[in-house]
Amino acid sequence: MKKNSAVRIATIGIMSALATGLMFLEFPIFPAADFLKFDPSDILPLLAGFIFGPLDGVLVLLIKDLLFYLLKSGDIVGIMMNFAAGVSFLLPVIYIYRIRKNRVFEVIGYVVGVLVVTGVMTVLNMLVVPVYWKVPFEETLKLLPFIAGFNAIKFTIDSVVNALLRERIARIFEN
Ligand code: RBF
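Residues numbered from 1 in each chain as written. Predicted model: local features only at pLDDT ≥ 70, side-chain atom pairs only at ≥ 80, totals over all residues. Heavy atoms only, no water.

### Some details on the site of the ligand
Near the ligand, the surroundings consist of 18 residues, among which Glu26, Lys37, Asn125, Asn151 and Lys154 are the closest. Within the side chain of Asn151, a nitrogen or oxygen atom sits 2.7 Å from a nitrogen atom of the ligand. Side-chain polar atom of Lys154 to an oxygen atom of the ligand: 2.8 Å apart, as the coordinates give it. Within the complex, 98% of the 550 Å² of free accessible area of the ligand lies under protein. For the shell around the ligand, the elements supplying multiple residues, two or more each, are α4 (76-99), α5 (103-132) and α6 (137-172). Residues belonging to the shell around the ligand are distributed by class as follows: 10 nonpolar, 4 polar and 4 charged. (Near = heavy atom within 4 Å. Polar contact = N/O pair within 3.5 Å; in protein donor to acceptor, adjacent residues only side chain to side chain. Areas by Shrake-Rupley, 256 points an atom, 1.4 Å probe, with all protein chains shown as cover. Helix = DSSP H or I, 4+ residues; strand = E, 2+ residues; numbered from the N terminus. Nonpolar A, V, L, I, M, F, W, Y, C, P; charged D, E, K, R; others polar.)

If you want it as structure tokens, here you go:
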């Protein structure tokens, strides 16, 4: 694959803008934990990671979160949680795919990525939610199934969409 840096930089910019726009579609999945909002924007950092490499994926994620923070949310905790989730999913997926660039390793990557992000974010939420919402730890513990479920659902959807789109989009950059 040709890695023309002008094409790469322009594509990173376009992907970041698209991701920021997609993040505006956010909506909660579980009423009991409505601070967890699903949006499909993490598909773009993932695509960038597959096409250009893990650090470019993280870059798209970072620009998206920075822009969304400035344009809409203003909530630094929520944005940092979104970024932490995005990174802990993206990095395992891309690094596993890079071991062997085939469908089997791609799918193993998605499975490991979903498990890692679900584990990492469940632990992070157990630490952050009591402080952020000023609720006792026991109350936070009741949210655990929703937190784990939310991350599992969000990143499984991202995986399926990415698996369907990735090759078609990567082909554009082949010549
Ligand atoms: N986003 C995730 O993808 N996974 C999470 O586990 C997660 N936990 C969050 C916890 C708190 C307390 C907050 C405020 C946000 C969290 N987010 C998480 C981000 C949220 O879904 C949303 O993307 C941001 O709040 C931006 O609106």
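Next comes the rest of the write-up.
### Let's talk about the pattern of salt bridges
Per the stated rule, a full pass over the model turns up 10 salt bridges. For Lys37, the salt bridge is made with Glu26, and the minimal N-O distance between the two is 3.8 Å. Of this pair, Lys37 sits in strand β2 (residues 37-38) while Glu26 sits in the loop between α1 (5-23) and β1 (27-28); the two residues are 11 residues apart in sequence, bridging distant segments of the chain. Where salt bridges share partners, they join Asp42, Lys64, Asp65 and Lys154 into one cluster. (Salt bridge = Lys/Arg side-chain N within 4 Å of Asp/Glu carboxyl O.)

### Overview of the packing of α4 against α5
Interaxial distance between α4 and α5 falls to 8 Å at its minimum, and their mutual angle equals 160°. It follows from the interaxial angle that α4 and α5 lie roughly antiparallel. Here the hand of the crossing between α4 and α5 comes out right-handed. Its residues placed into classes, the contact of α4 with α5 shows 22 nonpolar, 4 polar and 1 charged. (Axes fitted to C-alpha atoms, helices over the stretch in contact; angles between N-to-C directions. Parallel < 35°, antiparallel > 145°, perpendicular 65-115°, else oblique. Left-handed = near helix turned anticlockwise from the far one by under 90°.)

Coordinates in, geometry out; function isn't part of it.
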